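Fold and contact review
Here's the letter readout for the chains.
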Amino acid sequence: MVDRVTLHILDEDSARRAQLARLAFAAGHHAEIYANAEELLAHAPSNGLVLAQDHPAGEGIPRLIGQMMQAGHWLPVIAISDPPQTFAVVRAIKAGALDYLALPTQIGPLNEAVARASREADAYRAQRARAAEARQRIARLSLREREVLDRLAEGQSNKAIARELDISPRTVEIHRMKMMGKLGARHAAEAVRLRIEATGLDDVAA
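Residues numbered from 1 in each chain as written. Predicted model: local features only at pLDDT ≥ 70, side-chain atom pairs only at ≥ 80, totals over all residues. Heavy atoms only, no water.

1. Quick notes on the pattern of salt bridges
- Under the criterion given, the structure shown has 13 salt bridges.
- Across the pair R130 and E197 runs a salt bridge, and its minimum N-O distance is 3.9 Å. Of this pair, R130 sits in helix 5 (residues 107-139) while E197 sits in helix 9 (residues 188-199); the two residues are 67 residues apart in sequence, bridging distant segments of the chain.
- Look at R130 and you get partly exposed, because its relative accessible area is 45%.
- The class of E197 is partly exposed, set by a relative accessible area of 24%.
- With its nearest N and O atoms 3.1 Å apart, the salt bridge here joins E197 to R193. Of this pair, E197 and R193 both sit in helix 9, four residues apart, which is roughly one turn of that helix.
- In this structure R193 comes out as partly exposed when scored by relative accessible area, which is 38%.
- One connected set of salt bridges, linked through shared partners, spans R130, R186, E190, R193 and E197. (Salt bridge = Lys/Arg side-chain N within 4 Å of Asp/Glu carboxyl O. Helix = DSSP H or I, 4+ residues; strand = E, 2+ residues; numbered from the N terminus. Buried < 20%, exposed > 50% of the residue type's maximum accessible area, 1.4 Å probe, protein only.)

See the structure below:
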């Protein structure tokens, strides 16, 4: 018996949305439906799983997850397509989707996917939430402050950063202090940790 889960069904096709919602309710779950990512993010659900059509194939899911991360909001995503294409599956999983299904038409396959995603979601949710928060903080930085942070993360000293950016070490120190303040970092190691946590999301949010 699968625990009852809220499935946030995202599909621009209204007939497919209705089909998936009926299947979700028949499987014992609750369903919410959305035509696009903007509707989902406006609702900003805090729990459940997203069941999203990968449209266009190989682009829809990375774009959705990128929008979620940019908004500082993450829910586990199960991608669907009919039929799934290998390149699209690879791109979706790399972007952070927990599973990729052919369009489910029966309760069994849907519940199996929901159960798998639910098991993985707790640990993954904490990781992605930290990454989303780190990205939001880094987005506050100016271009120069980001350049200083990037080089600080590479282990460069203020003098080395100054040489590479062709500015004075004192200017580097000023940018570094502003950068730390915007990030809410108490020391350089904390700023670098935020940079590392956010780095893995660069391809997703591009």
